[in-house]
Amino acid sequence: MDPRIEDIRTIQRSRGLLGTVALPADKSIAHRAALFSALGSGVSHIVGFPDSADPQSTLACLRQLGLRIETDDAGLVVYGEGLSGLSSALQDLDCGNSGTTMRLLAGILAGQSFSSTLIGDASLSARPMGRIMDPLAQMGAHFDSNGGRAPLRISGGHPLKGIEYALPIASAQVKSCVLLAGFFAEGTTTVIETTPSRDHTERMLGLSNFTVGTQKHIFVDGGRTIEPRLWSIPADFSAAAFFLVAGSIVPDSVIHLPRVGLNPSRTGFIDILRAMGANISIEKERLVSGEPIADLTVRSAPLFGIQVGGDIIANIIDEIPILAVAASVAEGETVIRDATELRHKETDRISAMATGLNAIGATVTEQEDGLTILGNAKFTGGTVESHHDHRIAMAMGVAGLVSSKPVTIHGASVASVSFPSFWEAIDELS
Ligand code: S3P
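Keep in mind that what you see is a predicted model, and the values were worked out from it rather than measured. (Residues numbered from 1 in each chain as written. Predicted model: local features only at pLDDT ≥ 70, side-chain atom pairs only at ≥ 80, totals over all residues. Heavy atoms only, no water.)

Counting secondary structure elements, the protein chain contains 14 helices and 25 strands. Its C-alpha radius of gyration of 21 Å places the protein chain within 12% of the 22 Å reference for a compact globule of 430 residues. Considering only C-alpha atoms, the protein chain reaches an extent of 60 × 45 × 45 Å along its principal axes. Residues classed as buried in the protein chain amount to 60% of the 430 residues present. Considering only contacts in the protein chain between residues 6 or more positions apart, those separated by 24 or more positions represent 75%. As presented, the protein chain carries roughly 15,800 Å² of accessible surface, and 50% of it is formed by carbon and sulfur atoms. The average position of the 33 basic charges and that of the 46 acidic charges among the side chains of the protein chain differ by 2 Å. (Helix = DSSP H or I, 4+ residues; strand = E, 2+ residues; numbered from the N terminus. Rg over C-alpha atoms; globule rule 2.2 N^0.38 Å. Buried < 20%, exposed > 50% of the residue type's maximum accessible area, 1.4 Å probe, protein only. Contact = heavy atoms within 4.5 Å. Areas by Shrake-Rupley, 256 points an atom, 1.4 Å probe, with all protein chains shown as cover. Lys, Arg positive; Asp, Glu negative; His and termini not counted. Charge placed at Lys NZ, Arg CZ, Asp CG, Glu CD.)

Below you can see the structure in the form of structure tokens.
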């Protein structure tokens, strides 16, 4: 890590957060804009590509695969050369902390004539990759891995065939991986999703799909070309979520969050916060690059506990750490269930949030698939760990804003994985 970057942050109680936050561009859309531009048959432009570490890992890997990517005043220029435009990387492809980079890139690399090795940091190297290796192997891909974890060695030159794949877990990363491999497969690849997950891939690529009952079928025909285009990336809803909670729980706050992506497969957290009593207004709704966006304003409001579980979990999966902070100070109990996937994120987020919140005075009980949060907590300050997880660091930072004594976060600089200016944004509003 760069020693100039401060890795310990101490957050004090705020007397009111006022102002406008410059949010980073959406991480999920940025990865996809870069990857789809790389496979596009011509020059694509990406306006507002974020400098967050995760999307930058995707760019670095694409450059290693021979892609010409330049910057101009508006953002990035990606010189796509079609589906067969990638070339063998001289070294291992380092996905850093980014599961989306590793899983989506694996789908693309499985269909290449050359071999590749995907590596990641300690956190990513501990995350499950069997979930992508299984469907890719069914398509004909060949792998070596460390017992279903990175490093992933993908052997090139094995022709892929289209499959019909029913997702065993609600995961946009697995869905996107299989669909991307489908571009390199003979015949049609169909992914069947029973629980909705974020739909950026099918939306951005304009993939055919239909829904029968609770099942969504998404198709891609092998060899289908991807048109070059201009992508404009909205602000990241999952980054906005930290301020939706901060603005709600810090008394006398009014926070404006402009140009926030409001793809319905991502915004269940607004419905949940509103059901808890939050005061969030949504203005100037419009479409940018096929994605709905709007300007949000949050004003402080008393929150109440809630029961959350079932299909909504996949929609709010990245917001659960900050939901746990809101629930701790809300009046009454909150129960979060069906969220076992949280144990497979950058860290085990169920355990990390229970430990962090209990350390500063909340009463949170860990369940196998979620959390039970007593509510009415008065945070009393303390020292907590980020566990090298950006969302844990930021969630605990927001908790510090309503704590009677300061909350010190060790490993705070990991926020730069998705939100490099997070700590400055908190300072500016305070
Ligand atoms: C993402 C999908 C989600 C999410 C992650 C980004 C994506 O992961 O948690 O932050 O961009 O596809 P899963 O698909 O594994 O649930």
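So, about the sheet that holds strand S8 (residues 142–144). What the four strands build is an open sheet, ordered S6-S7-S9-S8; its pairing is mixed. Both edges of this open sheet fall to strand S6 (93–94) and S8, since each of them pairs with a single strand only. Where S6 and strand S7 (residues 116–119) come together, two bridges link them in parallel fashion. Counterpart to aspartate 94 in the pairing with S7 is isoleucine 119. Contacts between helix H3 (residues 99–109) and the sheet are confined to S6, S7 and strand S9 (152–155), with S7 contributing the most and set at about 175° to the helix. (Pairing = 2+ DSSP bridges. Axes fitted to C-alpha atoms, helices over the stretch in contact; angles between N-to-C directions.)

Burial along S9 is one-sided: the residues Leu152 and Ile154 are buried and none of Arg153 and Ser155 is. Bridging between S7 and S9 involves three bridges; their strand directions are antiparallel. Among the inter-strand pairings, leucine 118 is bridged to a residue of S9, identified as leucine 152. Across three bridges, S8 lies against S9 in antiparallel orientation. Looking across to S9, one finds that aspartate 144 is bridged to arginine 153.

It is worth spelling out the packing of helix H11 (residues 320–329) against helix H12 (residues 349–359) at this point. Close contact between H11 and H12 brings their axes to 10 Å; oriented N to C, the two are set at 35°. The element H11 and its partner H12 pack so that their crossing is right-handed. Where H11 abuts H12, its residues Pro321, Ala324, Val325 and Ser328 lie against Arg349, Met353 and Leu357. By residue class, the composition of the contact of H11 with H12 is five nonpolar, one polar and one charged. (Left-handed = near helix turned anticlockwise from the far one by under 90°. Nonpolar A, V, L, I, M, F, W, Y, C, P; charged D, E, K, R; others polar.)

With that settled, the discussion passes to the domain arrangement of the protein chain. Here the domain parsing of the protein chain yields domain 1 (3–25 + 234–429) and domain 2 (27–231). One C-alpha centre belongs to domain 1, the other to domain 2, and the line joining them spans 28 Å. Summed over both sides, the interface of domain 1 with domain 2 buries roughly 2,200 Å², with 46% coming from carbon and sulfur. Scanning the region where domain 1 abuts domain 2 turns up three salt bridges. For aspartate 318, the salt bridge goes to arginine 198, with nearest N and O atoms at 3.0 Å. (Domains from an automatic or database assignment. Buried area = accessible area lost by both parts, 1.4 Å probe. Salt bridge = Lys/Arg side-chain N within 4 Å of Asp/Glu carboxyl O.)

Grouped together as the largest cluster of nonpolar side chains are 81 residues, with contacts concentrated most on Leu23, Phe243, Leu257, Met276, Val325, Leu357 and Phe422. Here this core gets ten residues from one element, more than from any other, and that element is helix H8 (residues 237–249). Leaving out residues up to four positions away in the same chain, phenylalanine 422 has contacts with Phe242, Phe243, Met394, Val398 and Ala415. Formed by 66 residues, the second largest nonpolar core is a distinct cluster that contains Ala30, Ile108, Leu160 and Ala185. (Core = buried A, V, L, I, M, F, W, Y, C linked by side-chain atoms within 4.5 Å.)

Another point: the side chain of glutamate 193. Along the chain, glutamate 193 turns up in strand S13 (residues 188–193). Of note is the side chain of glutamate 193, whose polar atom sits 3.0 Å from the side chain of lysine 175. Of the polar contacts made by the side chain of glutamate 193, one reaches the side chain of serine 197; its length is 2.6 Å. Those residues in contact with glutamate 193 that sit more than four places away from it in its chain are Leu167, Lys175, Thr214, Gln215 and Lys216. (Polar contact = N/O pair within 3.5 Å; in protein donor to acceptor, adjacent residues only side chain to side chain.)

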